[in-house]
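# Secondary and tertiary structure notes
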Amino acid sequence: QIKQASVIALARYEPSPDGKMKAIIKEFLKKDEGTTIFYNIGDEFPPSSYQPKDNTRYGDGTIIFFTGSPASMKLSMTFHGDRIHSLGDMPIELLKQSCNQDKT
């Protein structure tokens, strides 16, 4: 998934005044040279934002995998604390290291 992605973004959920939880892009873990993406650090990624419902866990944020250029979302997965459950509880730091290794 890392190799196939042209961009991998990390977004954290932040509350907005209307009660919605917005997915705000905090960093790009990977961005292939020459790839066009129509989001910047600090932008909301609306497809991952949500209106909270009682008794539902949403995580602390989401990792978003994009492919192609212009980059389009391929998949996303939430994380809790510093671990990505759907990647076998992989620490976010290990994903960052894997993205950096993929550059070489």
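Let us look at the structure shown here. (Residues numbered from 1 in each chain as written. Predicted model: local features only at pLDDT ≥ 70, side-chain atom pairs only at ≥ 80, totals over all residues. Heavy atoms only, no water.)

## Points about the pattern of salt bridges
- The final tally for this structure, using the stated rule, is four salt bridges.
- A salt bridge links Glu 14 to Lys 26, with the shortest nitrogen-to-oxygen separation between them at 2.4 Å. Of the two residues, Glu 14 is situated in strand S1 (residues 7-15) and Lys 26 in strand S2 (residues 21-31); the sequence distance between them amounts to 12 residues.
- Assessed through its relative accessible area of 30%, Glu 14 is described here as partly exposed.
- The class for Lys 26 is partly exposed, based on a relative accessible area of 36%.
- Where Glu 27 meets Lys 96, a salt bridge forms, and the shortest distance between an N and an O atom there is 3.2 Å. With Glu 27 in strand S2 and Lys 96 in helix H1 (residues 92-103), this residue pair connects regions lying 69 residues apart in the sequence. (Salt bridge = Lys/Arg side-chain N within 4 Å of Asp/Glu carboxyl O. Helix = DSSP H or I, 4+ residues; strand = E, 2+ residues; numbered from the N terminus. Buried < 20%, exposed > 50% of the residue type's maximum accessible area, 1.4 Å probe, protein only.)

## Some details on the environment of Glu 93
- With respect to the helices, strands and loops of the structure, Glu 93 is situated in helix H1.
- Spatially, the C-alpha atom of Glu 93 lies 7.7 Å from that of Asp 82, the residues being 11 residues apart in sequence.

## Notes on the sheet that holds S1
- The four strands are arranged S2-S1-S3-S4 in an open sheet whose pairing can be described as antiparallel. At either end of the open sheet lies a strand with only one pairing partner, and these are S2 and strand S4 (72-79). Here the average twist between neighbouring strands, direction ignored, is 25 degrees.
- Two strands pair when backbone bridges link them, and S1 and S2 are joined in this way by nine bridges, in the antiparallel orientation. Bridged to Leu 10 within S2 is Glu 27. (Pairing = 2+ DSSP bridges. Axes fitted to C-alpha atoms, helices over the stretch in contact; angles between N-to-C directions.)

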